[in-house]
Amino acid sequence: MPSSQQQTSGTPWQDRLAEVCREYQIQAPHFQIVSDRRGGRTAWSSIVTVCSKRIEARYWYDGRNITNAKEDAAEAALNWLSTQANLTSSW
C-alpha cells in the first residue's frame, strides 16, 4: 500500500468521535444498543452519551447492521458537538 494512503477502520465516525473526546478532554463516548419489536422482526438503533447528553441515531437498522446504528449515532454526536460554542469543528 502506498504511504500516501491511510488504512482506515470500518468505524470512521466512532473513531473520530473518540478522537474528538480525547482532544477536548471529554469523557469517552458510551454507546447503548436499543431494539424495537416491529411485527415479526426486530429493529435496532443506538444511543451515544457524550458530555452527559444522550444522542440517538437517526435511523433503525436490521440486526446485521448494528455497526451502522453506532456510526449513525456517532455522526449525530459529532454534529451536536460542532454546535457547541466552545468547540471548533475540524471534522
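Refer to the structure above for everything that follows.
Before going into details, it helps to say that this report is about the structure given with it. (Residues numbered from 1 in each chain as written. Predicted model: local features only at pLDDT ≥ 70, side-chain atom pairs only at ≥ 80, totals over all residues. Heavy atoms only, no water.)

**Let's talk about the sheet that holds strand S3 (residues 53-56)**
In space, the 3 strands of this open sheet follow the order S1-S2-S3, with antiparallel pairing throughout. Each edge of the open sheet carries a strand with a single partner, namely strand S1 (30-38) and S3. Across this sheet, the average inter-strand angle for adjacent strands is 30°, counted without regard to direction. Against the sheet, helix H2 (residues 66-82) makes contact with S1, strand S2 (41-50) and S3, and its axis sits at roughly 35° relative to S2, the strand it touches most. (Pairing = 2+ DSSP bridges. Helix = DSSP H or I, 4+ residues; strand = E, 2+ residues; numbered from the N terminus. Axes fitted to C-alpha atoms, helices over the stretch in contact; angles between N-to-C directions. Contact = heavy atoms within 4.5 Å.)

**Section: the pattern of salt bridges**
Under the defined criterion, the tally for this structure stands at 6 salt bridges. Between Arg-41 and Asp-62 there is a salt bridge; the shortest N-O distance is 2.4 Å. With Arg-41 in strand S2 and Asp-62 in the loop between S3 and H2, this residue pair connects regions lying 21 residues apart in the sequence. Of the residues examined, Arg-41 reaches a relative accessible area of 53% and is grouped as exposed. Close ionic contact of Asp-72 with Arg-58 constitutes a salt bridge, the shortest N to O distance being 2.7 Å. (Salt bridge = Lys/Arg side-chain N within 4 Å of Asp/Glu carboxyl O. Buried < 20%, exposed > 50% of the residue type's maximum accessible area, 1.4 Å probe, protein only.)

**Let's talk about the nonpolar core**
Grouped together as the largest cluster of nonpolar side chains are 14 residues, with contacts concentrated most on Leu-17, Val-48, Val-50, Ala-77 and Leu-81. Counting residues per element, the ones that place at least two in this core are helix H1 (12-23), S2 and H2. When sequence neighbours within four positions are dropped, the list of residues in contact with Val-48 reads Leu-17, Pro-29, His-30, Phe-31, Lys-53, Arg-54, Ile-55, Ala-73, Ala-74 and Ala-77. (Core = buried A, V, L, I, M, F, W, Y, C linked by side-chain atoms within 4.5 Å.)

**Here we look at unusual backbone geometry**
Not every positive phi belongs to a glycine, and Gln-25 is a case in point at roughly 55°. Relative to the assigned elements, Gln-25 resides in the loop between H1 and S1. Non-glycine residue Cys-51 carries a positive phi angle of around 55°. Within the secondary structure, Cys-51 is located in the loop between S2 and S3.

**Concerning the environment of Thr-11**
You can see Thr-11 is positioned in the segment before H1. For the pair Thr-11 and Asn-68, spaced 57 residues apart in the sequence, the C-alpha separation amounts to 8.5 Å. Aside from chain neighbours lying at most four places away, what touches Thr-11 is Thr-67 and Glu-71.

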